[in-house]
Amino acid sequence: MVFPAENARRTFADVLVWDENERAEIIDGQVFMMAPPSRVHQEISGELFRQLANFLDGKKCRVYAAPFAVRLFERDGDSPESVDTVVEPDISVVCDSGKLDKYGCKGAPDFIVEVLSPSTRRHDRLVKLGLYQRAGVREYWIVEPDTQSVQVFTLDGGLLRLCEDYGREDIARVNVLDGCFIDLGKVFPT
């Protein structure tokens, strides 16, 4: 990836011309490179996606796996040059089809899942939690492969608050999808 100036502010306009094989996120104009995910990360993410996709089959909500561009704060009429935050959650569920366009999601998805890796642990727990809260994401799951656990945060009074902490043997409820439950025994490899 080539950047014309060391500390220049980046926008969605830059993302549109980057090589498709480069993985990076932009948060408040700053670029964060993303390492390729591990095999275990992909197995966990893939199983979560499979269960969500099966549940959502025939329903109005759609599930997307990374890479999938989410422009959390973009509004109608914004130009690509004015959008300075573009993230790629591991899984995004969008129930408002008006937020979807040819590039991904414009605005906050209803539900986001991040599977932690050693290089993203702090970033996902602090920076992204704050971003998702500010954007109005209704539910955010932090999946921890090492401890085989899931922390579930739901939006309450403008704050993403921890409401559940699940382990490998649990059936986890997706709060924003009525009737959706995830079998974590199938999610975490043995």
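What you see is a predicted model, and the numbers here were worked out from it, not measured in a lab. Position labels on residues start from 1 in each chain and follow its written sequence. Reporting of local features is limited, given that this is a predicted model, to residues whose pLDDT is at least 70; pairs of side-chain atoms are given and counted only at 80 or more, and all residues count toward the totals for whole chains, interfaces and linings. By convention in this description, side-chain values take in all heavy atoms of the structure and omit both hydrogens and water.

### Some words on unusual backbone geometry
Consideration 1: With an omega dihedral of 0 degrees, the bond running from Ala66 to Pro67 counts as a cis peptide bond.
Consideration 2: Helix numbers and strand numbers start at the N terminus; a helix is a DSSP run of H or I with at least 4 residues, a strand a run of E with at least 2. Considering the arrangement of structural elements, one finds Pro67 in the loop between strand S3 (62-65) and strand S4 (69-71).
Consideration 3: Despite not being glycine, Asp28 has its phi angle at roughly 50 degrees, a positive value.
Consideration 4: With respect to the helices and strands, the residue Asp28 is situated in the loop between strand S1 (24-27) and strand S2 (30-33).
Consideration 5: Between buried and exposed lies partly exposed: a residue is buried under 20% and exposed over 50% of the maximum accessible area for its type, with that area taken using a 1.4 Å probe on protein chains only. With a relative accessible area of 48%, Asp28 lands in the partly exposed category.
Consideration 6: A positive phi angle is found at Gln148, which is not glycine, with a value near 50 degrees.
Consideration 7: Following the sequence through the fold, Gln148 ends up in the loop between strand S9 (139-144) and strand S10 (149-156).

### Considering the environment of Glu22
Consideration 1: As for its placement among the helices and strands, Glu22 is situated in the loop between helix H1 (12-15) and S1.
Consideration 2: Separated by 10 residues in sequence, Glu22 and Phe32 place their C-alpha atoms 11 Å apart.

### Details of the nonpolar core
Consideration 1: Counting 26 residues, the largest nonpolar core has Leu48, Leu52, Val93, Trp141, Val174, Leu177 and Ile182 as the members making the most contacts within it.
Consideration 2: Contributions of two or more residues to this core are made by helix H2 (39-56), strand S5 (91-94), strand S8 (111-115), S9, S10 and helix H4 (184-187).
Consideration 3: Among the elements that make up this core, the one with the highest residue count is H2 (four residues).
Consideration 4: The contact definition used throughout considers only heavy atoms, calling two residues in contact when any of these lie within 4.5 Å. With residues near it in sequence (within four places) discarded, Val174 still touches Leu52, Phe111, Glu139, Trp141, Cys180 and Ile182.
Consideration 5: As used in this record, nonpolar core signifies buried Ala, Val, Leu, Ile, Met, Phe, Trp, Tyr and Cys residues forming a set joined through side-chain atoms within 4.5 Å. Grouped together as the second largest cluster of nonpolar side chains are 19 residues, Cys105, Ala135, Val137 and Ile142 included.

### What about helix H3 (residues 121-135)?
Consideration 1: Here, expected helix span is obtained from the residue count minus one, scaled by 1.5 Å. Compared with an ideal rise of 1.5 Å per residue, which puts 15 residues at 21 Å, H3 spans 20 Å between its outermost C-alpha atoms and is within 8% of the ideal.
Consideration 2: Its maximal kink placed at Lys128, H3 deviates by approximately 35 degrees.
Consideration 3: Restricting attention to buried positions, one finds in H3 the residues His123, Asp124, Lys128, Leu129, Leu131, Tyr132 and Ala135.
Consideration 4: Residues of H3 that are buried sit in contact with S1, S2, S8, S9, S10 and strand S11 (159-167).
Consideration 5: A positive phi of about 90 degrees marks Gly136, the residue just after H3. At any given residue, the bend is defined as the angle formed between two axes, one fitted to the seven residues that end at that position and one fitted to the seven that begin there.

### Points about the packing of aromatic side chains
How two aromatic rings sit relative to each other is set out by the distance from centre to centre and by the angle between their planes.
Consideration 1: Centres within 6.5 Å make a pair out of two Phe, Tyr or Trp rings, where for Trp the six-membered ring is used; the pair is then stacked when the planes are under 30 degrees apart, edge-to-face when over 60, and tilted otherwise. Within this structure, the stated rule accounts for five aromatic pairs.
Consideration 2: Their ring planes at 85 degrees and their centres at 5.4 Å tell us that Phe12 and Tyr103 sit as a pair that is edge-to-face. With a gap of 91 residues between them, Phe12 in helix H1 and Tyr103 in the loop between strand S6 (100-101) and strand S7 (104-106) connect regions that are remote in the sequence.
Consideration 3: Residue Phe12 is classed as buried on the basis of its relative accessible area, which comes to 4%.
Consideration 4: Between Phe111 and Trp141, the ring centres sit 5.3 Å apart and the planes meet at 80 degrees, which makes this aromatic pair edge-to-face. Residue Phe111 is located in strand S8, and its partner Trp141 is located in strand S9; the two are separated by 30 residues in the primary sequence. One exposure class covers both Phe111 and Trp141, and it is buried.
Consideration 5: Put simply, the rings of Tyr132, Tyr140 and Phe153 touch in pairs and so form one group of aromatic residues.
Consideration 6: Cation placement over rings: the criterion is NZ of Lys or CZ of Arg within 6 Å of the ring centroid and within 35° of the ring normal. We note Arg71 situated over the ring of Phe12; from NZ or CZ to the ring centre the distance is 4.8 Å.

### Regarding the state of the cysteines
The term disulfide refers to a covalent linkage connecting the sulfur atoms of a pair of cysteines.
Consideration 1: Put simply, a disulfide is two cysteine sulfurs that come within 2.5 Å. Inspection of the entire model under this criterion finds one disulfide.
Consideration 2: The disulfide that involves Cys61 links it to Cys95, with 2.0 Å between the sulfurs. With the S-S bond torsion at 105 degrees, the cross-link from Cys61 to Cys95 turns out right-handed. One end of the pair, Cys61, is in the loop between H2 and S3; the other, Cys95, is in the loop between S5 and S6, with 34 residues separating them in the sequence. For the pair Cys61 and Cys95, one class covers both residues: buried.
Consideration 3: Lacking any disulfide linkage, Cys105 is separated from the closest cysteine sulfur, that of Cys95, by 10 Å.
Consideration 4: Relative accessible area serves as the criterion here: at 0%, Cys105 is assigned to the buried category.

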